[in-house]
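Structural characterization, general
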Amino acid sequence: TLAKVAAFVVVMLVVGRRVIPWILHYVAHTGSRELFRLAVLAIALGVAFGAAKLFGVSLALGAFFAGMIMSESALSHRAAEESLPLRDAFSVLFFVSVGMLFDPFSLISNGWPILATLAIIVIGKSLAAFAIVVAFRYPIATALMISASLAQIGEFSFILAELGVGLKLLPEQGRDLILAGAILSIVLNPLMFLAVDWMKPWLERRAGKTASLDEAKPIGPATEPGQLASVAAPVKEDGPPPRTALTGHSILVGYGRVGSLVGASLKKAALPFLVIEDADKTLAKLRDDGIETVSGNAANSEVFAASNPEGAKRLILAIPNAFEAGQIVLARAANPKINVIARAHSDAEVEHLKGLGADTVIMGEREIARGIVEEVMEGKTEAAEEPKAPIT
Ligand code: AMP
């Protein structure tokens, strides 16, 4: 089995990594949206099915790998967008079927075993995670956040339980306990995050601030497939990033299609600036280019504070989400004199951002229209001038 799984991983990394992005690219260039959607679906299901048939790997693992490979393609955003409605439909079906398997009366008839299962998930799993993270000398705050994130089980355990029952390794009762434990632990999970907030100052005082922030390691890969997002997001915000030494600078938030062009011009004009970005790939590129960065979501007050807004001259919000940009504009309270330039995509967003105190709001679509009109007018002038040209 190990050899088969290893063979599958190697095939995916060597062949899949080249072939899948190539197919996506090729299909995207046919210009057919339906074909692209179909290709995404066919690749996901095809790899999952192929993995199960050829390599004896579970459907879930196969699909997971297909997703990982697709996420590396430059078209991954579009692929994700195209498959969103399907994902929603499938996850609704999945959870409805899980709900139908659950017998609420088991909470009464099986009370103690369910409580024990819940204790294993919420207490046992969290303690184990806490010990592992602390053993790797990460700060306590990180360990607590990881513990809270892992104090629940989800779809991955259902898949394992189903497999266990199928292979007659687990009695049906075991699956029911896992189901009940999963549902209850998911319900309790927000409370775990609250508990972490309460416990953090107390534990840190006791531990005498074990690791300094500079020692804090970057976040490693996530721990369980189902928990990618929930683990990565809070940990990223753990501990404030170091504060910049820049003053009189521009803070550029977002370094995508818009921000990178703005950044290039600032660099050319030799104006001091730093970039707040939350995408790891972009951050790595920025660092390679020698541009100062603050990593994280600019809407997070600690991340934003690291960019020294009090000493900055200009705040450029080059992110597409006006709601998030609005939250950042509010943070200008730290420096009412800062000049805020924001990006918007509708008149309502322009109003929203101006209402919150942005000095200038550039509406993307209006600028596109302006560009098109200029092009047309230039063409018109040329056309009007044409007859004047000497006919030879
Ligand atoms: P684009 O729409 O191509 O200009 O890309 C926007 C860029 O902004 C992307 O690189 C995102 O990672 C980044 N971004 C979006 N929201 C935030 C945020 N709240 N904080 C930091 N970076 C962001």
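This text follows the structure it describes.
What this report covers is the structure whose coordinates are included nearby. On a predicted model such as this, the values are computed, not experimentally measured, just so you know.

Definitions and limits used
- Residues numbered from 1 in each chain as written.
- Predicted model: local features only at pLDDT ≥ 70, side-chain atom pairs only at ≥ 80, totals over all residues.
- Heavy atoms only, no water.
- Salt bridge = Lys/Arg side-chain N within 4 Å of Asp/Glu carboxyl O.
- Helix = DSSP H or I, 4+ residues; strand = E, 2+ residues; numbered from the N terminus.
- Buried < 20%, exposed > 50% of the residue type's maximum accessible area, 1.4 Å probe, protein only.
- Pairing = 2+ DSSP bridges.
- Near = heavy atom within 4 Å.
- Polar contact = N/O pair within 3.5 Å; in protein donor to acceptor, adjacent residues only side chain to side chain.
- Areas by Shrake-Rupley, 256 points an atom, 1.4 Å probe, with all protein chains shown as cover.
- Nonpolar A, V, L, I, M, F, W, Y, C, P; charged D, E, K, R; others polar.
- Patch = residues over 30% accessible without salt bridge, like charges linked within 9 Å, V, L, I, M, F, W, Y side chains within 5 Å.
- Core = buried A, V, L, I, M, F, W, Y, C linked by side-chain atoms within 4.5 Å.
- Contact = heavy atoms within 4.5 Å.
- Axes fitted to C-alpha atoms, helices over the stretch in contact; angles between N-to-C directions.
- Parallel < 35°, antiparallel > 145°, perpendicular 65-115°, else oblique.
- Left-handed = near helix turned anticlockwise from the far one by under 90°.
- Arc of directions from axis to C-beta.

The subject of this paragraph is the pattern of salt bridges. All told, the structure shown has six salt bridges when counted by the stated rule. Two residues, Glu172 and Arg175, come together in a salt bridge whose shortest N-O distance is 3.3 Å. Separated by three residues within a single helix, Glu172 and Arg175 lie in helix α9 (residues 172–206), roughly one turn from each other. Using a relative accessible area of 49% as the deciding quantity, one classes Glu172 as partly exposed. One salt bridge connects Asp289 with Lys285, and the closest N-O pair in it is separated by 3.2 Å. When salt bridges with common partners are traced through the structure, they connect Glu162, Glu172 and Arg175 into a single cluster.

Here is the key point about a regular strand: its side chains alternate between the two faces of the sheet. When strand β4 (residues 314–317) meets strand β5 (residues 339–344), the two strands line up parallel, connected through four bridges. Bridge pairing links Arg314 to Asn339 in β5. Pairing between β5 and strand β6 (residues 360–363): four bridges, direction parallel. Within β6, the position partnered with Arg343 by the bridge is Ile362.

What follows deals with the site of the ligand. As a structural note, the neighbourhood of the ligand is formed by 17 residues, with Arg257, Glu277, Asn297, Ala298 and Arg343 the closest of them. Separating an oxygen atom of the ligand from a backbone N or O atom of Val258 is a distance of 3.2 Å. One nitrogen or oxygen atom from the main chain of Ala298 is found 3.0 Å from a nitrogen atom belonging to the ligand. The fraction of the free accessible surface of the ligand (510 Å²) that becomes covered by protein chains is 86%. Of the residues assigned to the shell around the ligand, the class counts are eight nonpolar, four polar and five charged.

Judged by side-chain polarity, Val10, Val11, Leu13, Val14, Val15 and Val19 come together as a nonpolar surface patch covering roughly 440 Å² of accessible area. Locating Val15 in the fold gives a position in helix α1 (residues 2–28). Judged by its relative accessible area of 43%, Val15 falls in the partly exposed class.

Further remarks concern the nonpolar core. One finds Ile251, Val253, Ile276, Leu315, Leu317, Ile328 and Leu353 to be the most contacted residues of the largest nonpolar core, which totals 26 residues. Here this core takes four residues from helix α14 (residues 322–330), the largest share from any one element. For Ile276, the residues in contact, after removing those within four places along its chain, are Ile251, Leu252, Val253, Gly254, Val294, Gly296, Ala298, Val303, Phe304 and Ser307. Counting 20 residues, the second-largest nonpolar core is a separate cluster that includes Met12, Val27, Leu75 and Ala79.

What follows concerns the side chain of Ser147. Tracing the backbone shows Ser147 in helix α7 (residues 140–149). Among the polar contacts made by the side chain of Ser147, one reaches the main-chain carbonyl oxygen of Ser126 at a distance of 3.3 Å.

Once that is clear, we can look at the packing of α1 against helix α3 (residues 59–71). Helices that pack against each other are described as a pair by the angle of their axes relative to one another and the distance between those axes. With their axes 9 Å apart at the nearest point, α1 and α3 run at an angle of 50° to one another. One finds that α1 runs oblique with respect to α3. When you trace α1 past α3, the crossing you get is right-handed. Within the contact between the two elements, α1 uses Phe8, Val9, Met12, Leu13, Gly16, Arg17, Ile20 and Leu24 and α3 uses Gly62, Phe65, Ala66, Ile69 and Met70. When its residues are assigned to classes, the contact of α1 with α3 shows 10 nonpolar, two polar and one charged.

Our focus in this paragraph is helix α11 (residues 259–268). For α11, the complete set of buried residues consists of Gly259, Gly263 and Leu266. End-on, the buried residues of α11 take up no more than an arc of 60°, which puts them together on one face. The exposed set on the far side of α11, more than 90 degrees from its buried face, consists of Leu261 and Lys268. Where α11 terminates, the next one or two residues include Ala270, which has phi positive at roughly 60°.

Bringing the packing of α1 against helix α2 (residues 33–55) into the picture now. Put simply, α1 and α2 touch, their axes get as near as 11 Å, and they point 165° apart. By the angle between their axes, α1 is roughly antiparallel relative to α2. Here α1 runs over α2; the crossing is right-handed. For the pair α1 and α2, the contacting residues are Lys4, Ala7, Phe8, Val11, Met12, Ile20, Ile23, Leu24, Val27 and Ala28 in the first and Leu35, Phe36, Ala39, Val40, Ile43, Val47, Ala51 and Phe55 in the second. By residue class, the composition of the contact of α1 with α2 is 17 nonpolar, no polar and one charged.

It is worth spelling out the environment of Leu163 at this point. Relative to the helices and strands, Leu163 resides in helix α8 (residues 155–166). Residue classification places Leu163 among the partly exposed positions, given a relative accessible area of 45%. Along the chain, Leu163 and Ser58 lie 105 residues apart, while their C-alpha atoms are 9.1 Å from each other.

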